[in-house]
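An overview of the molecular structure
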Amino acid sequence: MKIGEFAKINKTTIDTIRHYMDMSILNPDKNGTYYDFDDHAQKDYETIIALKQLGFSISEIQTLMLFERIGKYTGYNQRKTYKAFYKNKLQWIHDELNRLKTMQEKLEDAIDAMPENNEEDSRVAGAPLDALSMLFCKKCQQAYRLIDGHVDQGEVLNGIMTCSCGERLIIHEGIVYGEGALNSSEAFVFDDTFIEDYVQTTHIDYLKNLHLTLQWARNHSIFKNADKGSVLELGSGRGFFLRNMIEMIPKHSVYIAVDHNPNAHQWLKKDLANAGENLKILCLCCDFNEIPLQEYSIDYLIDATGSTNYAFDHSDFLMDSIVTLLKQTCLYQGHFLLFENFSLNTLIPKDRRKWFQKEGVQDELSKLGFKCMRDYDTQLISEGGPREDFFVKGEQIYNYLYIGKL
Ligand SMILES: C[S@@+](CC[C@H](N)C(=O)[O-])C[C@H]1O[C@@H](n2cnc3c(N)ncnc32)[C@H](O)[C@@H]1O
């Protein structure tokens with residue numbers, strides 16, 4: 001029979017048969033222009049399959065079949081060398097089984113060591129009192145006072161804060177709500193599958209840049225050697241930065257995470273409860289322009305694409321209004337998404353493009369008095385994903401990291 005039919009009855013492909021012929025383990029007769037697969041070929045094919053099922057590779061099968069052919073009727077299968085092949089394979093299988101057994105035990109141990117995700121058991125952390133005492137009314141510059149709320153272990157879960165001019169902040173389930181907080185039914189909702197979906201739907205180049213960015217932020221953390229201080233994060237959002245830096249945050253610091261999306265705060269709080277850290281993190285849900293903090297009160301400012309996000313909807317530079325909150329010794333870690341070029345159909349309006357270009361960002365930071373201590377560009381990329389759809393075909397973007405001080 002011809003090769004096609006032979007492959008078909010043996011439920012394999014023509015390419016596989018050709019490969020066996022190239023290796024000379026299957027040698028059909030040549031009948032004119034085509035190969036003729038007879039009973040001998042069928043027997044050889046069955047031998048190949050039987051040896052494969054014993055775990056032999058094609059090149060080992062080649063040697064074994066040569067041995068068999070050349071040694072026929074000479075007791076070849078009792079010879080030391082031939083038997084050694086089988087014995088070696090058996091030893092290999094024993095070793096593999098041991099390796100798999102160890103792997104299985106290690107996996108079982110790793111699973112046992114993972115905490116059970118008992119959501120009912122995880123306590124919702126309140127707003128830390130130390131952080132609440134930093135809240136100042138933007139209008140009258142007086143401290144907010146807790147007028148209603150129960151303090152438990154230095155935290156407030158639900159309450160109301162007010163200042164002398166009558167402005168109010170609401171504390172609900174440990175999150176402080178101020179001016180400009182979005183309505184949770186209109187804001188993006190994060191759920192348990194968010195990270196998986198994000199990783200699966202975002203282009204690998206974009207993820208690589210994000211990974212490099214987080215790594216750089218860790219390697220050059222502005223918190224090195226610090227054990228206290230006040231930290232302000234602009235746009236804590238999905239918490240990529242916070243979750244990656246959590247062990248580096250000064251132990252006795254107060255960390256104020258600002259975002260106008262209440263759903264992001266709720267999600268982040270749940271994650272932080274799982275991280276088991278005992279840090280004083282205040283989730284402050286308000287607009288960047290309404291942050292209720294005292295002037296000159298912040299030691300460390302984290303801006304992991306907060307300014308970039310703000311620039312999507314505003315023509316002013318976010319840092320212009322934030323700088324008054326910073327102490328004269330404040331250290332700043334900024335992470336911007338910058339454009340190498342703009343296409344004709346770009347989504348970035350003309351008056352905001354300077355905040356998406358390195359020169360614009362650097363000039364403005366330097367006008368505000370920042371001195372660059374270190375900076376870094378990732379590679380250019382041209383694809384994002386459904387959650388990173390702020391650039392269009394033909395545009396290339398990169399991540400720009402900046403560390404500076406006032
Ligand atoms: C890309 S996310 C930041 C990512 C985050 N730093 C991280 O590490 O995962 C930007 C965040 O800024 C928030 N944001 C944008 N404009 C804002 C505004 N005007 N006021 C407060 N938050 C704002 C968004 O809700 C979003 O969560």
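Predicted, not measured: the structure shown is a model, and the values here were computed from it.

Moving on: the environment of Gln-42. Within the fold, Gln-42 resides in helix 3 (residues 39-53). Accessibility expressed as a C-beta count within 10 Å gives 16 for Gln-42, which makes it partly exposed. Taking C-alpha positions, Gln-42 is 56 Å from Arg-387, a pair spaced 345 residues apart along the chain.

Moving on, we get to the site of the ligand. Taken together, 18 residues lie near the ligand, and Gly-235, Gly-237, Phe-240, Phe-241 and Ala-304 sit nearest. Ranked by the residues each element gives to the shell around the ligand, the list is headed by helix 11 (residues 306-313), at three residues.

The subject of this paragraph is the domain arrangement of the protein. Looking at the assigned domains, one finds that the protein contains domain 1 (3-78), domain 2 (127-169) and domain 3 (174-405). For domain 2 versus domain 3, the separation of C-alpha centres amounts to 25 Å. Here the side of domain 2 that touches domain 3 is built from residues that sort into ten nonpolar, no polar and two charged.

Turning our attention to helix 8 (residues 204-219). Since one α-helical turn is 3.6 residues long, residues separated by three or four positions face the same way. In this model, helix 8 (16 residues) spans 22 Å end to end at C-alpha, consistent with the 22 Å of a helix rising 1.5 Å per residue. Every buried residue belonging to helix 8 is among Tyr-206, Asn-209, Thr-213 and Ala-217, and all of these are buried. Here the buried residues of helix 8 occupy an arc of 75 degrees about the axis, which is enough to place them on one side. Structural note: helix 8 exposes Ile-204, Gln-215 and Asn-219 on the side pointing more than 90 degrees away from its buried face. Where helix 8 is buried, its residues meet helix 9 (240-245), strand 12 (326-339) and strand 14 (397-405).

The next point concerns the nonpolar core. Nonpolar side chains in soluble globular proteins tend to end up buried together. Counting 73 residues, the largest nonpolar core has Val-176, Ile-256, Ala-257, Val-258, Leu-282, Cys-283 and Leu-284 as the members making the most contacts within it. Of all the elements, strand 12 adds the most residues to this core, at seven residues. A domain split of this core shows at least three residues from each of domain 2 (127-169) and domain 3 (174-405). When near neighbours in sequence (up to four residues on either side) are disregarded, Ile-256 contacts Ala-131, Val-231, Leu-232, Glu-233, Leu-282 and Leu-284. Of all hydrophobic cores here, the second largest spans 13 residues; its members include Phe-6, Tyr-20, Ile-25 and Ile-61.

Within the secondary structure, Ala-217 sits in helix 8. According to the C-beta neighbour criterion, Ala-217 is buried, with 22 such atoms within 10 Å. Measuring from C-alpha to C-alpha, the distance between Ala-217 and Gly-334 comes to 9.4 Å, with 117 residues separating the pair along the chain. In contact with Ala-217, not counting residues within four places along its chain, are Phe-241, Met-245, Gln-333 and Leu-401.

Rules used throughout
- Residues numbered from 1 in each chain as written.
- Predicted model: local features only at pLDDT ≥ 70, side-chain atom pairs only at ≥ 80, totals over all residues.
- Helix = DSSP H or I, 4+ residues; strand = E, 2+ residues; numbered from the N terminus.
- Buried ≥ 20, exposed ≤ 12 C-beta atoms within 10 Å, placed from the backbone.
- Near = placed C-beta within 6 Å.
- Domains from an automatic or database assignment.
- Nonpolar A, V, L, I, M, F, W, Y, C, P; charged D, E, K, R; others polar.
- Expected span 1.5 Å × (residues − 1).
- Arc of directions from axis to C-beta.
- Contact = placed C-beta atoms within 7 Å.
- Core = buried A, V, L, I, M, F, W, Y, C linked by C-beta atoms within 7 Å.

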